[in-house]
Amino acid sequence: MKALVTGGEGGLGRAIRTRLEAEGYEVESLDLVNGFDVTSPAAWAEVGPADVACLNAGVLTGELSYDNYRRAVSVNVDGVVLEGSIVATASLAGLTGMPSDPVYSLTKHAVVGFVRSMAPHLEPVRLNAVCPGLADTPMVDGEREALEAAGFPLLAPADVADAVWRAATSGRSGECWFVQPGREPAPFRFPNLPGPRVDGEKVGAPPG
Ligand SMILES: NC(=O)c1ccc[n+]([C@@H]2O[C@H](COP(=O)([O-])OP(=O)(O)OC[C@H]3O[C@@H](n4cnc5c(N)ncnc54)[C@H](O)[C@@H]3O)[C@@H](O)[C@H]2O)c1
């Protein structure tokens, strides 16, 4: 069985690869550092089929400039949409606001919205997301000292990899699993949206 992991050379990517290898998969790592750019349609055209695809590459925005905005949207959103396969790494920043990086939060909300909307179209292929809180990888290097000083717990990458595996093998689709230190990962239960009413009566979902 074959698996691929984008961002496979990063902190979470390595842990996901290790977990998939332990489950018996032959794992291909697709990462900028080994020449694969998830934003390139031409690069995706060269990728063969896989039984499990973990769409995990992602970047923070950094200083808010137009180029950094385009880069974050391109890596965090296009990198998921172009392949459209099994487990995408979103973030808790896709379930709640993240004032320290609004563009990052925008891209992760986009991934959550895409997974929930696209999943029904892909059946029987399953499409899910994991939404980790802060994890101990190079991505949090800039805040690590402050987090440690505040006693804030970080997720171990292996715990995120475990949630990826659970999401990939749950048999369900369209779910966004939260991952937080000290809690069992589970699908996030989105609150019910207030639906429209006509003359005070509830109306069902729109056609189509
Ligand atoms: N670390 C956290 O606290 C945290 C929390 C929630 C979600 N996430 C998400 O988890 C995923 C993995 O993050 P991480 O913590 O391992 O970060 P990381 O910085 O350790 O690894 C990210 C990897 O993505 C690769 N990458 C960047 N741009 C790429 C591109 N265009 N094409 C291919 N590869 C590219 C990098 O080379 C790097 O190896 C990201 O989507 C991130 O947004 C991380």
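Residues numbered from 1 in each chain as written. Predicted model: local features only at pLDDT ≥ 70, side-chain atom pairs only at ≥ 80, totals over all residues. Heavy atoms only, no water.

A. Structural context of the layout of surface pockets. Estimated volume of the largest pocket: approximately 980 Å³. Here the lining of the largest pocket is composed, by residue class, of 24 nonpolar, 16 polar and six charged. (1 Å grid on protein atoms, 1.4 Å probe; cavity = no way out; pocket = protein on both sides within 12 Å on 5 of 7 lines; lining within 4 Å. Points joined across faces, edges and corners; volume = space filled by probe spheres on them. Nonpolar A, V, L, I, M, F, W, Y, C, P; charged D, E, K, R; others polar.)

B. Just the site of the ligand, in detail. For the ligand, the set of nearby residues contains 29 residues, the closest of which are L12, D31, Y104, A135 and T137. Here V38 contributes a backbone N or O atom positioned 3.0 Å from a nitrogen atom of the ligand. T137 places a side-chain nitrogen or oxygen 2.5 Å from an oxygen atom of the ligand. Contact with the protein chains hides 92% of the accessible area of the ligand, taken as 830 Å² for the molecule alone. In this structure the site holding the ligand corresponds to the largest pocket. When residues of the shell around the ligand are traced back to their parent elements, those giving at least two are α1 (11-22) and α4 (102-122). Of the residues assigned to the shell around the ligand, the class counts are 16 nonpolar, nine polar and four charged. (Near = heavy atom within 4 Å. Polar contact = N/O pair within 3.5 Å; in protein donor to acceptor, adjacent residues only side chain to side chain. Areas by Shrake-Rupley, 256 points an atom, 1.4 Å probe, with all protein chains shown as cover. Sits in = over half its atoms within 2 Å of the grid points. Helix = DSSP H or I, 4+ residues; strand = E, 2+ residues; numbered from the N terminus.)

C. Focus on the side chain of R17. With respect to the helices and strands, R17 occurs in helix α1. Apart from residues lying up to four places away in sequence, R17 is in contact with V5, G8, E9, V27 and S29. (Contact = heavy atoms within 4.5 Å.)

D. Highlighting the nonpolar core. Within the largest apolar cluster, 27 residues are counted, with the highest numbers of intra-cluster contacts made by F36, W44 and V115. The set of elements that each furnish at least two residues to this core consists of α2 (41-45), β3 (52-55), α3 (66-81), α4 and β5 (128-132). If you tally residues by element for this core, the top one is α4, at seven residues. Excluding anything up to four places from it in sequence, V115 contacts A88, L127, N128, A129, G174, E175 and C176. (Core = buried A, V, L, I, M, F, W, Y, C linked by side-chain atoms within 4.5 Å. Buried < 20%, exposed > 50% of the residue type's maximum accessible area, 1.4 Å probe, protein only.)

E. Local environment of the pattern of salt bridges. According to the stated counting rule, one finds ten salt bridges in the structure shown. Note that E9 is salt-bridged to R14, the shortest N-O span being 3.4 Å. Classification of E9 by relative accessible area gives partly exposed; the value is 23%. Residue R14 is classed as partly exposed on the basis of its relative accessible area, which comes to 44%. A salt bridge links D141 to R144; the nearest nitrogen and oxygen atoms lie 2.4 Å apart. Residue classification places D141 among the partly exposed positions, given a relative accessible area of 46%. (Salt bridge = Lys/Arg side-chain N within 4 Å of Asp/Glu carboxyl O.)

F. α4, seen in detail. The end-to-end C-alpha distance of α4, which contains 21 residues, comes to 30 Å, matching closely the 30 Å that a straight helix rising 1.5 Å per residue would cover. The largest bend along α4 measures about 30° and falls at R116, with the proline P120 one to four residues further on. (Expected span 1.5 Å × (residues − 1). Bend = angle between axes of the 7 residues up to and from the residue.)

G. Representation of the packing of aromatic side chains in the model. If you walk through the whole model with that rule in mind, you get four aromatic pairs. Between the aromatic rings of Y66 and Y69, the centroid separation amounts to 6.4 Å while the plane-to-plane angle is 40°, which identifies the pairing as tilted. Placement of both Y66 and Y69 in helix α3 is noted, with a separation of three residues, approximately one turn of the helix. In this structure Y66 comes out as exposed when scored by relative accessible area, which is 59%. A relative accessible area of 29% means that Y69 is categorised as partly exposed. The residue whose ring lies beneath R116 is F190, and the NZ or CZ to ring-centre distance is 3.5 Å. (Phe/Tyr/Trp six-rings, centres within 6.5 Å; stacked < 30°, edge-to-face > 60°. Lys NZ or Arg CZ within 6 Å of the ring centre and 35° of its normal.)

H. Highlighting the environment of A43. Note on placement: A43 falls in helix α2. A43 sits 13 residues away from L30 along the chain, and the two C-alpha atoms are 9.8 Å apart. Look past the residues within four positions of A43 in its chain and what remains in contact with it is F36 and D37.

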